[in-house]
Amino acid sequence: MTDDPLGLHGDTLHEECGVFGILGHPEAATLTALGLHALQHRGQEAAGIVSFDGRQFHSERHLGLVGDHFTDPGVVKRLPGHMAMGHVRYSTTGETILRNVQPLFAELEVGGIAIGHNGNFTNGLTLRRELIAGGAICQSTSDTEVVLHLIARSRKKGSDERFVDALSQVEGAFAMVAMTRTKLIGARDPNGIRPLVLGDLDGKPIFASETCALDIIGAKFVRDVKNGEVIVAEIQADGRITITSSMPFGQKPERLCLFEYVYFARPDSVVGGRSVYAARKNMGINLAKEHQVEADVVVPVPDGGTPAAIGYAQQSGIPFELGIIRNHYVGRTFIEPTQSIRAFGVKLKHSANRAEIDGKRVVLIDDSIVRGTTSIKIVQMIREAGAREVHIRVASPMIFHPDYYGIDTPDHDSLLANQHADVVAMARYIGADSLQFLSIDGLYQAVGGEARNNAAPQFTDHYFTGDYPTTLTDLTGRGKSDPKTISLMREAS
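One structure accompanies this document, and this report is about it.

About the cut-offs
- Residues numbered from 1 in each chain as written.
- Predicted model: local features only at pLDDT ≥ 70, side-chain atom pairs only at ≥ 80, totals over all residues.
- Heavy atoms only, no water.
- Helix = DSSP H or I, 4+ residues; strand = E, 2+ residues; numbered from the N terminus.
- Contact = heavy atoms within 4.5 Å.
- Areas by Shrake-Rupley, 256 points an atom, 1.4 Å probe, with all protein chains shown as cover.
- Pairing = 2+ DSSP bridges.
- Axes fitted to C-alpha atoms, helices over the stretch in contact; angles between N-to-C directions.

**Some details on the overall build of the chain**
Helix and strand counts for the chain come out as 17 helices and 23 strands. Once local pairs closer than 6 in sequence are excluded, the contacts in the chain between residues at least 24 apart make up 68%. Accessible surface, the chain as shown: approximately 19800 Å² in total, 51% of it carbon and sulfur.

**Considering the sheet that holds strand 17 (residues 297-300)**
Neighbouring strands of a sheet are bound in pairs by backbone hydrogen bonds; such pairs are parallel or else antiparallel. Read from one edge to the other, the open sheet built from four strands follows the order 17-20-21-23, with strand pairing classed as parallel. Looking at the sheet topology across the chains shown, the edges are occupied by strand 17 and strand 23 (434-437). If you compare each strand with its neighbour and ignore which way they point, the axes differ by 20 degrees on average. Across four bridges, the pairing between strand 17 and strand 20 (residues 361-366) is parallel. Looking at the pairing, V299 lines up with L364 of strand 20. Strand contacts of helix 10 (residues 306-316): strand 17, strand 20 and strand 21 (389-394), with the helix running at about 165 degrees to strand 17, the strand carrying the most contacts. Packed onto the sheet, helix 14 (residues 423-430) meets strand 21 and strand 23 and runs at close to 125 degrees relative to strand 23.

**Focus on unusual backbone geometry**
Omega for the bond connecting Q102 with P103 falls within 30 degrees of zero, at 5 degrees, which places this linkage in the cis form. One can find P103 in the loop between strand 5 (83-89) and strand 6 (104-108). A cis geometry characterises the amide bond from P302 onward to D303, with omega recorded as -5 degrees. Structurally, D303 can be placed in the loop between strand 17 and helix 10. A positive phi angle, near 55 degrees, is found at D202, a position not held by glycine. Of note, D202 is situated in the loop between strand 10 (197-201) and strand 11 (204-208).

In C-alpha cells:
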C-alpha cells in the first residue's frame, strides 16, 4: 500500500485488480457494486463503476474501498441504466490518483467505450512512448489507457473488431472487460495468466474475475473465458442478447498464474475448474509430506495460511489451533508512526493467542514469504507468547524473481530468497528454529494433480522458476528512449 506508515502491508504481494460487468439488467449498477465488493480482496486502493442508460454513459470513480462509496444509495442512483461494469484496483502500474482509477472511458469514432483491466502489459510503456511520438496525449499513468489509444487508431470497422486489433498489439497478461453502447466484451490473454469467468443472472450475461462475485448476487457460473478468447455479448434492436465467441489470438495451452491459487483468489472461488480452498489445503498436505517436524501445535498465519495449515495438521497428525488472531478492522492508523510505535505494527494486525502457544513447539504455516520482515515480527511475537520452538513451513516455493504481469513484487535483490545462501541462513535471519518451503512439484501436484512439465509448464510460475511466459519488452527496451519510466504531473492529494 502507498499509505502504510506502520508497515502492515509492505511484506505481502498485491494483485492489481478485479473486474465485473453485467449486460441487460435493470439494477446493473447495484449488482456491479455487489460484485466488486466480493472482489475487494483483489484491490483496495480504488473502485469505479461506469453505466449506460441507453443515451449516455455515467461514471463514479473513487479512491478507497467499495464500501466507502458504493453503499450510498445516492451514488448508485447516479449510475442508471441496464448495463454497467466496474473495477477494483491496486496500483502496480501508475500512481494511486483519481485519473488512474478504472474503468477508463473515452469517446471514440465508434462511440463511447469503457475499459477495465486485470493484469499488466509487458510492452505497455514501450507502446505508450510510440503512441506519444505519434501525437497521442496520455492523461493517466495506467497501461490500460494504451488500449484506448490503440482502439482509436485502429482502422477496423466495429468497436469489437477495433478492440481485438488493439489487444493483438499488447504483450503480457490481461483479463479485460469493455463496454460500449450495446456490447459487453470479455477477453483473456493468449496464455490465460489472469482469470475471467462468464456468468448468467436470469438470462443476463456477466463477466467477473472470480466466481465469488457471481455467488454474491445469486448468478450461475457458465464457464471460464478461455485463454485467448474474446466474447461479445450484445443487445440487439429487438431487445435480445446475443453472445458470440472468437479466438483471434490463436490457441495455445492455458498457463494460469499459480499465485491465484497460493494467495490472490478468494478461498471460496473456483479458478480454472479447481477449488481454491481444496488446492490450498492440498498444499498443506504436500508440505507435511515433504517437511515433517516434531511439534505440539500447527498454527496458521491468518488468513492466507489457514487452509494450508488445516491440510498440514490433518496429514501430520499435529493438532491445529488458531494460535494467531487477526484483527480484521486494522486500516489507516491515526497514530503518529514514531519508531517506538512502528514496532507495534504487526500487533495491530495479528495477536498471539497465548493459551494455545505457551510452552509448546509451534509449526507456523504461511502461504508465502516475500521479504521476510513480517515473518521476523511474527516469530518474535510467538516467542514472546511462550513458544518453546518456532518452525516455519511455507505452502509455496521460494520467490526468486519479480513479476511483470500484475503482481506488485519487490525487485530481485529485495526478495528474501536472494539475500541468503540457504534456508538455514534464512531461518537464522527470521529467528525461527527451522524454515522449509513447498517444492515446485509439490505445488503443481496440489493444484493440478501432477508434477511440473519442465518442457511445457502447465501454469505461470516465473516468480519461482524464472520461466517467464511472454517477452518482457519494457524490461529489455526496444525504443530510442528509455521505456521504463513515465513522466506525468503529480496531483495534490
